[in-house]
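# Examining the three-dimensional arrangement
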Amino acid sequence: MTLQVAAALVTTVGLATWQITRALDKMALADARHARRLAEPVDAARFTADTPDFTRLALTGRYDTERLFLVAQRPQARGFDVVSVLTTDAGSFLVNRGWTLRSPSKPVPETPSGTVSVFGVVWPTTPVPAALREEAWVEGWPKTARLVDPERMAEATGAHAREIRLESGSSGVFRAASLAWDYESGTHWSYAVQWLLIGVGVGVGYVLIGRRRGREPTDDA
């Protein structure tokens, strides 16, 4: 039984340590995100495929007034997010211009013409379910989609395969897309405490059983 208890204690302490490590990692990521969000925008010419998530970008260029993606999870939703192609001297970018109401009189949202200067945030790319990656797109423009898929959208437009969420106040922005991101470190702290409590329970139980056995009379008594 001693070996079993020792193995249980090692396991619970190891799992608690792992959860604490993950919590600290996510706190570090959250701190880095906060620092990038407060930093001065980086010029588009310095953008690369390895530019860290949440980096602020300063983009100057012209919107492609025809090639738009209208993104809504449900086909009959009241509105959609508008993802446009913004062409700059540093290449074309997929910019999320935020959410706008669906209008029967204007099925294609208005897009500013001429040169514009905007600020945006390099958004993390999350895995897209296979079923959504295979959804059919119409031949012409605008195209409707259920999720922002930077890789597939880049293949269709020649833009960089990253989503840039434009900040409120930028030219052409509707209701700006949320820039909130929760790394959820609190969940890992909770799990760590639970594993430590389980370990304490195992240890206390072992001590109590040992004392009880010590008080039991032996056959020779």
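### Looking at the overall build of the protein chain
Of the regular secondary structure elements, the protein chain holds four helices and seven strands. Ordered by position in the sequence, the α and β elements of the protein chain form the string α-β-β-β-β-β-α-β-α-β-α. Within the span of the protein chain, comprising 221 residues, buried residues form 37% of the whole.

### Points about the layout of surface pockets
Its volume calculated, the largest pocket comes out at about 450 Å³. Elements with a contribution of two residues or more to the lining of the largest pocket: β3 (79–88), β4 (91–101) and β7 (163–166). By residue number, the principal contributor to the lining of the largest pocket is β3, which donates three residues.

### Comments concerning the side chain of Thr88
With respect to the secondary-structure elements, Thr88 resides in strand β3. Residue Thr88 is classed as buried on the basis of its relative accessible area, which comes to 10%. Separated by 3.0 Å, the side chain of Thr88 and the backbone nitrogen of Ala90 make a polar contact. Within the local environment of Thr88, its side chain forms a polar contact with the backbone oxygen of Gly91, the two atoms lying 2.8 Å apart. Here Thr88 is in contact with Ala44, Leu59, Thr60, Gly61 and Phe93, once residues within four sequence places are set aside.

### Remarks on helix α3 (residues 150–157)
Every buried residue belonging to α3 is among Pro150, Arg152, Met153, Ala154 and Thr157, and all of these are buried. Taken together, the buried residues of α3 touch β2 (56–71), β3, β4, α2 (130–133) and β7. Backbone geometry just downstream of α3 places Gly158 in the positive-phi region, at approximately 80°.

### Remarks on empty space enclosed by the protein
One pass over the full model with this rule turns up one cavity of 30 Å³ or more. There is about 30 Å³ of room inside the largest cavity. Across the lining of the largest cavity, the residue classes tally to five nonpolar, no polar and three charged.

### Details of the pairing of β4
The side chains of a regular strand alternate, residue by residue, between the two faces of the sheet. Where burial is concerned, most of β4 is hidden: eight out of the eleven residues are buried. As paired strands, β3 and β4 are joined by nine bridges and run antiparallel to one another. Looking at the pairing, Asp81 lines up with Trp99 of β4. Two successive antiparallel strands, β3 and β4, enclose a turn made up of two residues. As defined by bridge partners, β4 adjoins β7 across three bridges and the pair is classed as parallel. Residue pairing across strands places Leu94 opposite Glu163, the latter belonging to β7.

Conventions adopted
- Residues numbered from 1 in each chain as written.
- Predicted model: local features only at pLDDT ≥ 70, side-chain atom pairs only at ≥ 80, totals over all residues.
- Heavy atoms only, no water.
- Helix = DSSP H or I, 4+ residues; strand = E, 2+ residues; numbered from the N terminus.
- Buried < 20%, exposed > 50% of the residue type's maximum accessible area, 1.4 Å probe, protein only.
- 1 Å grid on protein atoms, 1.4 Å probe; cavity = no way out; pocket = protein on both sides within 12 Å on 5 of 7 lines; lining within 4 Å.
- Points joined across faces, edges and corners; volume = space filled by probe spheres on them.
- Polar contact = N/O pair within 3.5 Å; in protein donor to acceptor, adjacent residues only side chain to side chain.
- Contact = heavy atoms within 4.5 Å.
- Nonpolar A, V, L, I, M, F, W, Y, C, P; charged D, E, K, R; others polar.
- Pairing = 2+ DSSP bridges.

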